[in-house]
Amino acid sequence: MSAKHALPSRERKEFQDLVNCYETKQFKRGLKHADAVLKKFPQHGETMAMKGLVVRSMDDTFGRNEEAHALVKRGIECHPESHVCWHVYGLVHRQERNYAEAAKCYAQAAKIDPSNMLVLRDLSTMYVQMRDLKAFVEIRRRILKLKMDQRSSWFALAVGLHLIGEHAEGLSILEKYEEIRKSGAFTGRGSWRDEDKLMVKFDASELVLLKATMRRDAGQVKEALEDLEAQEANVVDKVAYLELIGACQMKLDMFDAAQKTYRKLLERLPDSYAYHRALRVAMSLPENIADGTGDISDADCEKIKALYADLRDSLKYCAAAKRLPLSFTKAGAEFTTLINAYIEKPIRKGVPSLFEDLKNLYENQDKAKLLETIFTDTVAQLKSKGTFPSGGATSSEDEKKECVMYATNLLAMHYDEMAQRSANGGAAEYAKALTLIDETIAMDGKKQPEFYLNKARFLEHAGDVQL
């Protein structure tokens, strides 16, 4: 603060209390401190700007926007060379999510006080919000020159360079950081204070993964893989480690090794469809096997069947190994057997998302027609015998009623889907869907909201939004 705008000690304390009240969200107290300063120094720009910021922060409805802007602008007029006034104006714009204007204000504050770390950090954040990554990198370069003894300065610049495609330079920044840390430079008070001693092992692990990612993206895939394999003992996040290993192996056409890697990943996350796709690609099998994504040859189909038979045996809790075969198996007796086995457990448990899980199958018209027969037979057999077509039996009358209820709901959702896909409007299908959902609701003693929501959706799809 220049001598012209300097406050006496008492008012300076009031101003500091004003800042503290803003930071602790004690806005009403903050206004009192601001008024106390402005009573004696009505032209003090920084206090006026801070009062505008407090006024803006008090109202989330933007009702006092004009008052807040008028106060901050008046503060800038009184003290245009103050970085505090411009910084505060940027904070006001930031609260309104006007990031472009906030960045302009922060940039002006940075011109006035080029070494102010708080302003520079806020400016870099605004550039990220605006997706101006090149400008972000330039600001982080300035921050690094000012604060070379803070880990965040090195990593933020390295990540920024990585995001704009300067992978080699980003990698060199990380390597320089490692050299400095090993050399023991910057041992003064406050140096490396953003490093958590309890997180040393995890931080070292993340550094290994980040460097390998940058090497891979820079085209040094072989070096990245070698580095990962050499540093395996230092990596804590084994899932991220294996994912990166697998990606590098695929780029290097090491398909046998990649198969082993993705099988290890499936042991950890057996229902990750991304891992399933990667494993199929490594085995030279189709990447996409869902209905509507293209035909699969008979030879590939047999290979995929063998793969998922093996996965069902080796992965005890892999639901994907049971669901994915429904997509590549052609409509027929085998598909019917698989569907009957797949829907039994969710119907017993009353899983609401069962139909959404099967919805993709409707891209295949033959399967859609067959599903109607399967669901209808399931409802009929449960009603007459208390058994599932797959062979399972209900253990009590109460379980039988619940299974009939959930199976009827499933059939109702089927007809609603068929109506939406119908070329003639689907009036008959909607009528069946509404009849079946009414039966479901009548059977439901617990008044579950899912059934009423389904009926509402059916009515909406049919065009009857009033009911």
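Residues numbered from 1 in each chain as written. Predicted model: local features only at pLDDT ≥ 70, side-chain atom pairs only at ≥ 80, totals over all residues. Heavy atoms only, no water.

## Thoughts on the pattern of salt bridges
In step 1: The full count for this structure, using the stated rule, is 28 salt bridges.
In step 2: A salt bridge links Arg323 to Asp357; the nearest nitrogen and oxygen atoms lie 3.3 Å apart. Remark: Asp357 occurs in helix α19 (residues 354-358) and Arg323 occurs in helix α17 (residues 320-328); sequence separation between them is 34 residues.
In step 3: Among the residues examined, Arg323 registers a relative accessible area of 5% and is labelled buried. (Salt bridge = Lys/Arg side-chain N within 4 Å of Asp/Glu carboxyl O. Helix = DSSP H or I, 4+ residues; strand = E, 2+ residues; numbered from the N terminus. Buried < 20%, exposed > 50% of the residue type's maximum accessible area, 1.4 Å probe, protein only.)

## Observations concerning a nonpolar patch on the surface
In step 1: Among the surface-exposed residues, Leu198, Met199, Phe202 and Val236 lie close enough to one another that they form a single nonpolar patch of about 390 Å² accessible area.
In step 2: Relative to the elements of secondary structure, Leu198 occurs in the loop between α10 (167-183) and α11 (200-217).
In step 3: Since its relative accessible area comes to 79%, Leu198 is described here as exposed. (Patch = residues over 30% accessible without salt bridge, like charges linked within 9 Å, V, L, I, M, F, W, Y side chains within 5 Å. Areas by Shrake-Rupley, 256 points an atom, 1.4 Å probe, with all protein chains shown as cover.)

## A look at the environment of Thr125
In step 1: Within the secondary structure, Thr125 sits in helix α7 (residues 117-129).
In step 2: When its relative accessible area of 29% is taken as the criterion, Thr125 is described as partly exposed.
In step 3: Sequence separation between Thr125 and Ala103 is 22 residues; the distance between their C-alpha atoms is 8.9 Å.
In step 4: Here the side chain of Thr125 touches Arg121 through a polar contact of 2.9 Å, landing on its backbone oxygen. (Polar contact = N/O pair within 3.5 Å; in protein donor to acceptor, adjacent residues only side chain to side chain.)

## Structural notes on the packing of helix α9 (residues 151-163) against α10
To characterise two packed helices, one gives the angle between the axes of the helices and the distance between these axes.
In step 1: Running from N to C, α9 and α10 point in directions that differ by 165°, and their axes come no closer than 7 Å. When the axes of α9 and α10 are compared, the pair comes out roughly antiparallel. Considering only the axes of α9 and α10, their crossing is left-handed. In this structure, α9 contributes Arg151, Trp154, Phe155, Leu157, Ala158, Leu161 and His162 to the contact, and α10 contributes His167, Glu169, Gly170, Ile173, Leu174, Lys176, Tyr177 and Ile180.
In step 2: Taken together, the residues that form the contact of α9 with α10 break down as 9 nonpolar, 3 polar and 3 charged. (Axes fitted to C-alpha atoms, helices over the stretch in contact; angles between N-to-C directions. Parallel < 35°, antiparallel > 145°, perpendicular 65-115°, else oblique. Left-handed = near helix turned anticlockwise from the far one by under 90°. Contact = heavy atoms within 4.5 Å. Nonpolar A, V, L, I, M, F, W, Y, C, P; charged D, E, K, R; others polar.)

## A few points about the packing of helix α1 (residues 9-23) against helix α3 (residues 45-58)
In step 1: At a minimum axis separation of 11 Å, α1 and α3 run at an interaxial angle of 25°. Comparing the axis directions of α1 and α3 gives the class roughly parallel. Relative to α3, the crossing made by α1 is left-handed. Along the contact surface, α1 presents Phe15, Leu18, Val19 and Tyr22, while α3 presents Glu46, Thr47, Met50, Leu53, Val54 and Ser57.

## Observations regarding a negative patch on the surface
In step 1: Taken together, Glu223, Glu226, Glu229 and Glu232 make up a surface patch of like negative charges.
In step 2: Here Glu229 shows up in helix α12 (residues 221-230).
In step 3: On the accessibility criterion, Glu229 (45% relative accessible area) is partly exposed. (Lys, Arg positive; Asp, Glu negative; His and termini not counted. Charge placed at Lys NZ, Arg CZ, Asp CG, Glu CD.)

## As for the packing of aromatic side chains
In step 1: A complete count under the given rule lists 6 aromatic pairs for this structure.
In step 2: Residues Phe355 and Tyr362 carry aromatic rings whose centres are separated by 5.5 Å and whose planes lie at 55° to one another, so their mutual orientation is tilted. In terms of burial, Phe355 and Tyr362 fall into one category: buried.
In step 3: Among the aromatic residues, those joined into a ring-pair cluster are Trp154, Phe155 and Tyr177.
In step 4: For Arg151, the ring lying beneath its charged end belongs to Phe155, and the centroid distance is 5.9 Å.
In step 5: The ring of Tyr241 carries the charged tip of Lys238 above its face, separated from the ring centre by 5.7 Å. (Phe/Tyr/Trp six-rings, centres within 6.5 Å; stacked < 30°, edge-to-face > 60°. Lys NZ or Arg CZ within 6 Å of the ring centre and 35° of its normal.)

## Comments concerning the side chain of His162
In step 1: Summarising the element assignment, His162 is placed in helix α9.
In step 2: His162 sits in the buried class, given a relative accessible area of 16%.
In step 3: When residues no more than four places from it in sequence are discounted, the contact partners of His162 are His167, Thr213, Met214 and Asp217.

## Here's the deal with unusual backbone geometry
In step 1: The backbone phi angle of Lys25 is positive, close to 60°, even though this residue is not glycine.
In step 2: Here Lys25 shows up in the loop between α1 and α2 (27-40).
In step 3: Even without being glycine, Arg97 reaches a positive phi, approximately 60°.
In step 4: Along the chain, Arg97 falls in the loop between α5 (83-95) and α6 (99-112).
In step 5: What makes Arg97 exposed here is its relative accessible area of 62%.

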